[in-house]
Each structure stands twice: as structure tokens, then as C-alpha cells.
Amino acid sequence: MKSYDTKSIRNICLVGHGGSGKTSLAETLLFNSGVINRIGKVTDGNTVSDYLPEEIQRHVSISTSIIPIEHNGVKVNVLDTPGYSDFIGEVISALRVVECGALILCGVGGVEVQAEIIWDLMDERKLPRIAFINKLDRENSSAEKVLEQLKTIFPQARFVQMQIPVGKEANFEKVIDIFQKDIPANYNDDISMLKEALTEAAAEADDDILMKYLEGEALSDEELKTITKKALAQNMIVPVLFGSTEKNIGIKEFIQFIVDYAPAPTPIQEKAALVFKTLADPYLGKMSFFRVYGGVFTSDSVVYNSTREVEEKMGQLFYLRGKTQDNTSSVQAGDIAVVAKMQETKTGDTLCAKDKSINLEAIEFPIPCLPIAVKPKSKGDEDKLSSALSRLVDEDPTISVTKNVETKQTILNGLGELQLDIVCEKLTRKFGVAVETHVPKVPYRETIKKEVQVEGKHKKQTGGHGQYGHVWIRMGPCPDKEFEFTEEIFGGAVPKNFFPAVEKGLREAMAEGFLAGYPMTNIKFTLFDGSYHSVDSSGIAFKLAAILAFKKGAEQAGAVLLEPIVEVEVKVPEAFMGDVIGDLNSKRGRVLGMEPDGKFQVIRAHVPQAEMMRYAVDLKAMTQGRGSFTTKFIGYEEVPARLAETLIPKLKAEQQE
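The following refers to the structure shown. (Residues numbered from 1 in each chain as written. Predicted model: local features only at pLDDT ≥ 70, side-chain atom pairs only at ≥ 80, totals over all residues. Heavy atoms only, no water.)

The next subject is the side chain of Ser 93. Secondary-structure assignment places Ser 93 in helix α3 (residues 88-96). For Ser 93, a relative accessible area of 4% puts it in the buried group. In terms of polar contacts, Ser 93 uses its side chain to reach the backbone carbonyl oxygen of Phe 276, at 3.5 Å. Every residue in contact with Ser 93, bar those within four places of it in the chain, is listed here: Phe 276, Ile 363 and Phe 365. (Helix = DSSP H or I, 4+ residues; strand = E, 2+ residues; numbered from the N terminus. Buried < 20%, exposed > 50% of the residue type's maximum accessible area, 1.4 Å probe, protein only. Polar contact = N/O pair within 3.5 Å; in protein donor to acceptor, adjacent residues only side chain to side chain. Contact = heavy atoms within 4.5 Å.)

What follows is the structure in C-alpha cells.
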């Protein structure tokens, strides 16, 4: 593939709900451009875009693919993104590096949930966009219905119809572009109306043309094309196109529209590129996908990673079309390419010249909120699992891995069940580590509710030196500290050199817990009396005496189970507030308040962590995928007595497994 200058490059992102036909559109574009001689199908697992084994197996896109198309002297980098919410991170990173989004809609399903979510993402970036209503050959499809839906759901946008679809459903045969020369006579009135609507919506994009329009002069087609291009670049209008990837109708017109009207990249002065995606390839190693914003990047050169403040060697650069590589010696400003085996570089990093360091705007990914515990099926694979998870986290910033020291579990966090399932499949396929998954254990704690005085005596005679340790300990609640140890010994009842042994015994006993094997917390201990034997007393004897005292004291002082509490912020459309608040109440949550945030409401609540393990799944179901949430640990509270009665035996059994 030849190298194109910046003004001859277009970067466009295909976005939309799953099943709207994004991958099929990319496939048909490749066919029309002569790259492939047969159009593959998602259901057959033979498309250029969906080439990962998990995509072929499940018939869904899970990763953004780059599909460069060369058309009339222009290179169009088409980024085909997933349509399922679990992979929204792929959409976010792709939207970051394009000048135009293409919202693909099904002519039957219309504007579905994920389309609305992605529209909001494009709004945040003020990204120019077009709408393409696909599958108009299907039964019950309706271009008019979907167009009205768009206008109703996104009332702030100015949708301008650039084509007229001819025929309906099985009789859908072609599209008539408003600027084509051979318009059938019976469509002249409709075309005139569309041109008038376009003029009204887009004239403000050019002052001279606006004045001409306001003075009542007719605009030429060339002037209309000028304001269409300018208005799209300024995000003033959303052009609407029509077609069918199945019948290859409207697809040539789609790519021509992108070439003619989509904004070209605007290079910056400094040499800079942004790494927007990372892929772990079993043969090539780590592949870094980058978009050049300024300057030229060349193969076998040294660049500066300003994000991590390290120099990196760039090896052979190549363009990628699906999984097919095409080596290149250089990549111009505005273009997108790939380089393998960069050591330190990760998604979101800026590459530049060291003497003119620059940091491009990073990519903000959603925080993963669905946790699962993972462990290798084969003993001895722990290190292998740790290494594999580290590489997968590099590949996907919307997953994270933490080690819970208290529960001794490795926790994998993601955005949804499908994503986590696929991560586990990759662990097996790519890295040879089969894993078991479980709902994570909750890191409970234990404490006591009242103050008691207890005696602990360890006495053992075995012939020769025996063992003797004797303590009296006062123990009670200590809300401000996890552990406090003091002594009030008078007259040497317990020698000072045994104090550390007593403290050590109490700490060890606290770590083992009393009710269900969870660590105890918030207890103050005071050693106030005891006795010793000049020969038989030892540190170990006093440590064991302290443990005996602790066990008696925990029983007498009303030991209780504590559970971690998190502060939850749930962001949902107002229509779902009632359901969400009711659900939080059912999860033993305490709603603290609500406040508006644009078209959303933010609900704050304190909820037991045990109730939040599957909340990402619950919230998605309640809000049709429109809700999001974050959590923050705030402290521990006592488990209600009735719940503790059934929970403690269960937890005790788990701890003993």
C-alpha cells in the first residue's frame, strides 16, 4: 500500500449497536474496492474484520479492526468497532483517533441502546458524524421510521437526508443521491425539498453562502457541496445515507461520500503519535496500533515515549488490514499504522521526539466493576497465570487484576460477563493456562462489642523444665484503632521481657478470628496482672497463655461479624431511578441522595460489598445497559444478627476448605 499525504487520508469509525451491520459494511467496502473477490459473512466466520478465534466462534466483533480502503486517490482508514457494551473500551479508543464517526443503524431495529450510548460518546468529543441506515432490504425495514426515530431521540442534532431510497424491503433497489446528474423526473420535487432542507441546516457554515441564501438567491450544487463539507466538519449537521450491505446497495455511494465530505486530518507541528490499541499476538508479540498527529514516523527509528519518559526502538512499521500486514518504511501525519514488540509502550501513550516532548490527550476508559476470582486449574501455574493476566491487561485497559491478600484470591475485573468469558478463553488459547472462576470472597472482619476481663494460663509439666505462662487481660472495643496493646503491671507480676510475647499471641489470635476465621479488628488489650515461674516461664508459654485468654474473651465479649461497606455512585437516566433505588434498598443499601448530571441522575448510597459482586450485571438488566456505577470502600459495619446466624456457619465451612 502506497504512502498517502495527509490531505488524501480519511479516518472514520463504524459504530453502532451489535448486529447493525458494521462488519458486513466493512466487508462490502473491501469487495467494492477490489481487495477481496468474495464478500464474507459474519455468520460464516470468514470476514476480514472478525479474524480473532473468539470472534469467529461467537459471530460477534470483540476488537476494533482497521480496514484501509483506497478509493479515487484517497485512503480511508475504516475502523470497525464492536457493538456490544462489554467492549465499549474498543469504541472509546477508536473514536479518539478519527475525524468522523459513522453510526450504523438497522432499518428494522432502528436506534437501539448501544447506538444512544455511543452517540453520547461522540457528543463528548464533539465528533463530526454521519448516519447510515442499513438493511433496508429486510422485511419490516423502514428508512422513514428510523429517520424519525433519530430526530426524536437526538432532538439537538440537525439530520439532513442526502439520498432517497428507492423501493422497500425486498424491492429495495437503489439510492438516489441529491447531487447526482441523472435524477429521474418523478423525483425532482423530492430532491428539491431535500436540497432546501440541507441549505437551511448547513448555510451557516459559510458566511458568503449564508448571505446569498438570506438574500433569496438560489444556490448551485457546488455551493451546496461546499457548505455540506464545512457543516459536517463543524458538527453542525448529521448527513443521513441509506443502503443494504447484503445487496451491496448504497455502499459505493457511502465510500464516495466519505471521500468527498468527511474531514481530512489536520496535522500538528510537533512530531507526535498516540498509541490507541494494543494486541498480544502469539507470533508477533505485543502489537501497538498508533495514529500519527504530526511529523513522519519511520521504521527502525528511536522515538521518545513522553508518557513513561523512556526511549523506544520502533522496528518494522506496517499497515494492517484485518490480520494482513503490509510493511511500510514511513507513516505520514494523519495515518494509522502498527508496530510490534515495543517494550514499555502501552495504550494511551504518546510517542514523539525527545528534544520536542509533547503529551497528547490520553484516552479515558471506563472503570471495570464486575469482579471474578480466578485460579489455575493446574497446580504450579500461578506464575504463568500472573504473567498471562499482565499481558492481557496491557491489551485491554478495561480489565484489571488485583490480589486480595485477605481472601488469598486473584481478582479479575471487567465490564461484563461476555468480556470476562473471552478473557478466560484467551488465557487458555494464547497462554496455555486453563482457569477456574468463582464469585470473589468478601473480606469480612470480626470484632467484639463489650469490655471483659479474662484469665489465660498455660501450664505444662513434662519432667525437667516445664512451661508456665499466666496472664490477666482486659479487652474491649477500640473504634479508632485496629489493634492497641498496653500494660498495667505492678510489682513485676509479669516480667517486662514477656510483654512482647503476650502482644504477639494476641495479634496471632486476632488474625485467626473467632467466629468464622476472619481477622478481628478494633480491639484494645490491657495486660494488668498474671504470674510467672522463675524456671518454667518462657516467651512461648506467655504467648500461648495470651491466646487462651483471647479465646475466652472473644466468647464473653460478644464477638460479631463485620462486613465491608462501599459508597456507590450510580449514574442512570431518570426513567430508571425508581427501579435502581428499589434495588439498592433490597440490597440492604442506604440511599444518601440524588443529584442531576445532564440528562442523567446520580444516586449515592452505602451498600454492603457482598451485595455488589454482581451489580454490573443487575444494573445492565435494569437500565437496558444505560446505567453505570463506581464504588469506593468506606469501612466496616456489623452484619445484622439474623443474617449472621446463617452466614457464619457457611463462612466457617468455606475457610476450612
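From this point, the narrative continues.
What follows is about the sheet that holds strand β21 (residues 400-404). The strand order β21-β22-β20-β23 describes an open sheet built from 4 strands, whose pairing is antiparallel. Only two strands of the sheet have a single partner each, and these edge strands are β21 and β23 (435-438). Going across the sheet, the axis of each strand differs from the next one's by a mean of 35 degrees, ignoring polarity. Here strand β20 (residues 370-376) runs beside β23; their pairing, made up of 4 bridges, is antiparallel. Directly across from Lys 375, in β23, lies its bridge partner Glu 436. In this fold helix α10 (residues 382-395) packs onto β20, β21, β22 (409-414) and β23, with an angle of close to 145 degrees to the strand it touches most, β20. On top of the sheet, helix α11 (residues 417-431) reaches β20, β22 and β23; it is set at about 125 degrees to β22, its chief contact. (Pairing = 2+ DSSP bridges. Axes fitted to C-alpha atoms, helices over the stretch in contact; angles between N-to-C directions.)

Ordered by their spatial adjacency, 8 strands build an open sheet running β14-β13-β19-β10-β11-β18-β15-β16, and the pairing between neighbours is antiparallel. The sheet is open, and its two edges are formed by β14 (310-314) and β16 (324-328), each paired on a single side. Neighbour to neighbour, the strand axes of the sheet diverge by 40 degrees on average, direction disregarded. As paired elements, strand β13 (residues 301-305) and strand β19 (residues 350-352) share 2 bridges and run antiparallel to each other. The residue of β19 that forms the bridge with Asn 305 is Leu 351.

With that out of the way, let us pick up the nonpolar core. Counting 59 residues, the largest nonpolar core has Leu 79, Leu 95, Leu 105 and Leu 150 as the members making the most contacts within it. Discounting residues that sit within four places of it in the chain, Leu 95 has contacts with Cys 13, Val 15, Ile 118, Leu 121, Met 122, Arg 125 and Leu 127. With 50 residues, the next largest nonpolar core counts Phe 132, Val 160, Ala 205 and Phe 257 among its residues. (Core = buried A, V, L, I, M, F, W, Y, C linked by side-chain atoms within 4.5 Å.)

On to the pattern of salt bridges. This model, assessed by the stated rule, comprises 36 salt bridges. For Asp 349, the salt bridge identified is with Arg 308, shortest N-O distance 2.7 Å. A residue pair is termed long-range when its members are at least 10 positions apart, and Asp 349 in the loop between β18 (336-340) and β19 and Arg 308 in the loop between β13 and β14 qualify at 41 residues. Of the residues examined, Asp 349 reaches a relative accessible area of 1% and is grouped as buried. Arg 308 sits in the partly exposed class, given a relative accessible area of 35%. (Salt bridge = Lys/Arg side-chain N within 4 Å of Asp/Glu carboxyl O.)

All right, on to the environment of Ala 26 then. For Ala 26, the location among the structural elements is in helix α1 (residues 22-32). You can call Ala 26 buried: its relative accessible area is 1%. Between the C-alpha atom of Ala 26 and that of Ile 39, which follows or precedes it by 13 residues, the distance is 9.8 Å. Once residues lying within four places of it in the same chain are set aside, the contact partners of Ala 26 are Leu 14, Ser 49 and Ile 67.

The phi dihedral of Asn 72 is positive, around 50 degrees, even though this residue is not glycine. On the secondary structure map, Asn 72 appears in the loop between β2 (65-71) and β3 (74-80). Exposure remark for Asn 72: the relative accessible area of 58% places this residue in the exposed category. A positive phi is found at Lys 126, a non-glycine position, where the angle reads about 55 degrees. Looking at where Lys 126 falls in the secondary structure, it is placed in the loop between α4 (113-125) and β5 (129-134). Assessed through its relative accessible area of 63%, Lys 126 is described here as exposed.

Okay, α4 next. Owing to its 3.6 residues per turn, the α-helix aligns residues three or four sequence positions apart on the same side. In this model, α4 (13 residues) spans 19 Å end to end at C-alpha, consistent with the 18 Å of a helix rising 1.5 Å per residue. Among all positions in α4, only Val 113, Gln 114, Ala 115, Glu 116, Ile 118, Trp 119, Asp 120, Leu 121 and Met 122 are buried. Lys 126 sits one or two residues past α4 and shows a positive phi near 55 degrees. (Expected span 1.5 Å × (residues − 1).)

Following the criterion strictly, the structure yields 13 aromatic pairs and no others. Centroid distance Tyr 444 to Tyr 518: 5.5 Å. Interplanar angle 75 degrees. Geometry classified as edge-to-face. Here Tyr 444, found in the loop between β23 and β24 (445-447), pairs with Tyr 518, found in the loop between α12 (499-512) and β28 (523-531); they are 74 residues apart in sequence, far enough to count as distant. Each member of the pair Tyr 444 and Tyr 518 is classed as buried. Put simply, the rings of Trp 119, Phe 154 and Phe 159 pair up and form one aromatic cluster. Stacked on the ring of Trp 119, the Lys or Arg Arg 129 has its end atom at 4.6 Å from the ring centre. It is Lys 571 that lies over the ring of Phe 600; its NZ or CZ is 5.4 Å from the centre. (Phe/Tyr/Trp six-rings, centres within 6.5 Å; stacked < 30°, edge-to-face > 60°. Lys NZ or Arg CZ within 6 Å of the ring centre and 35° of its normal.)

Where a strand is regular, its side chains alternate between the two sheet faces. Burial within β13 is extensive, with 4 of its 5 residues counted as buried. Note: β13 against β14, 5 bridges, orientation antiparallel. Note on β14: the bridge partner recorded for Ser 301 is Met 314. Where β13 folds back on β14, the antiparallel hairpin that results is connected by 4 residues, among which Glu 309 adopts a positive phi of roughly 60 degrees.

Below, the discussion takes up the packing of helix α6 (residues 188-202) against helix α8 (residues 221-233). Direction vectors running N to C along α6 and α8 enclose 45 degrees, while the axes themselves pass 10 Å from each other. In terms of axis orientation, α6 runs oblique to α8. By crossing handedness, the relation of α6 to α8 is classed as left-handed. Mapping the contact onto sequence places Lys 195, Leu 198, Thr 199 and Ala 202 in α6 and Asp 221, Leu 224, Ile 227, Thr 228 and Ala 231 in α8. Residue classes in the contact of α6 with α8 are distributed as 5 nonpolar, 2 polar and 2 charged. (Parallel < 35°, antiparallel > 145°, perpendicular 65-115°, else oblique. Left-handed = near helix turned anticlockwise from the far one by under 90°. Nonpolar A, V, L, I, M, F, W, Y, C, P; charged D, E, K, R; others polar.)

Bringing the pairing of β3 into the picture now. Counting buried positions along β3 gives 7 out of 7 residues, so the element sits mostly inside the fold. Going residue by residue along β3, you find Val 74, Val 76, Val 78 and Asp 80 tucked away on one face and Lys 75, Asn 77 and Leu 79 tucked away on the opposite face as well. Two elements, strand β1 (residues 9-15) and β3, share 6 bridges in a ladder whose sense is parallel. When the bridges of β3 are listed, Leu 14 appears paired with Asp 80. Two elements, β2 and β3, share 7 bridges in a ladder whose sense is antiparallel. Bridge pairing links Glu 70 to Lys 75 in β3. From the end of β2 to the start of β3, which pair antiparallel, there are 2 residues, and Asn 72 there has a positive phi angle of about 50 degrees.

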